[in-house]
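# Coordinate inspection notes
The residues making up each chain are set out below.
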Amino acid sequence: MLCKYHIGKSAIHGKGVIASRNIHKGEVVGEAIAWELMGWHVTDMGGFVNHSLKSNSRLVQDGLAYNLVATQAIGKGEEIAANYNETPQFVERPHADWQ
């Protein structure tokens, strides 16, 4: 099965999470944050999720993890972004100049 995403050039900032195939609304893209011995840890994928006020995904807690879940259909090649204002308190908040 084709991986749902890959890390690639971002139109938002640097590198980002890019859909490798069409992703359905409500589909889990992947684990973005996980609980480890020393506390919350951002996964490799989670570290590349960029902020957007026009996000197409959000973090949803599932036990000791936060999964990135599509909030709308995402087409192959589209960047998968989340609104950092809607993430857990321990995630960095967007700066004033972030879109």
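First things first, this report covers the structure right here in the doc.

Let's shift gears to the overall build of the protein. Tallying secondary structure elements over the protein gives zero helices and eight strands in all. Ordered by position from the N terminus, the helices and strands of the protein form the series β-β-β-β-β-β-β-β. Taking 2.2 N^0.38 as the reference for a compact globule, 99 residues should give roughly 13 Å; the C-alpha atoms of the protein span a radius of gyration of 13 Å, in line with that estimate. Seen through its principal axes, the protein has C-alpha atoms that stretch 35 × 35 × 20 Å. Buried positions account for 45% of the 99 residues belonging to the protein. Once local pairs closer than 6 in sequence are excluded, the contacts in the protein between residues at least 24 apart make up 58%. Carbon and sulfur atoms form 54% of the exposed surface of the protein, whose accessible area is close to 6,200 Å². With 9 positive and 10 negative side-chain charges, the protein shows a spacing of 8 Å between the two charge centroids.

Turning our eyes to something else, we now look at the nonpolar core. Ranked by internal contacts, the top residues of the largest apolar core, which has 16 residues, are Ile23, Leu68 and Ile80. Secondary structure elements with two or more residues in this core: β2 (15-19), β3 (28-36), β7 (65-70) and β8 (79-82).

This part covers the pairing of β8. Every second residue of β8 is oriented toward a common face, with Glu79 and Ala81 on one face and Ile80 and Ala82 on the other, all of them buried. In terms of strand pairing, β2 meets β8 through two bridges, oriented antiparallel. Directly across from valine 17, in β8, lies its bridge partner isoleucine 80. When strand β5 (residues 50-51) meets β8, the two strands line up parallel, connected through two bridges. Counted as the bridge partner of histidine 51 is alanine 82 from β8.

Rules and cut-offs
- Counting from 1, residues in each chain are numbered in the order their sequence is written.
- Totals for whole chains, interfaces and linings use every residue, but because this is a predicted model, local features are given only for residues with pLDDT of at least 70 and side-chain atom pairs only at 80 or more, for both listing and counting.
- Side-chain descriptors were evaluated using all non-hydrogen atoms of the structure, hydrogens and water having been removed beforehand.
- A run of H or I in DSSP becomes a helix once it reaches four residues, and a run of E becomes a strand once it reaches two; helices and strands are each numbered from the N terminus.
- Every radius of gyration here is taken over C-alpha atoms, with the globule rule written as 2.2 Å times N^0.38, N being the number of residues.
- The buried label applies to any residue whose accessible area, calculated with a 1.4 Å probe on protein chains only, is under 20% of its type's maximum; exposed applies above 50%, and partly exposed to all values in between.
- Residue contacts are defined here by distance: any two heavy atoms, one from each residue, within 4.5 Å place the two residues in contact.
- Per-residue accessibility takes into account occlusion by the displayed protein chains alone, with areas from the Shrake-Rupley method and a 1.4 Å probe.
- Asp and Glu count as negative and Lys and Arg as positive, but His and the ends of the chain are not part of the count.
- Working definition for charges: the position is that of NZ of Lys, CZ of Arg, CG of Asp or CD of Glu.
- Put simply, buried Ala, Val, Leu, Ile, Met, Phe, Trp, Tyr and Cys residues joined by side-chain atoms within 4.5 Å make one nonpolar core.
- At least two bridges found by DSSP between two strands is the condition for calling them paired.

Structural measurements only, silent on function.
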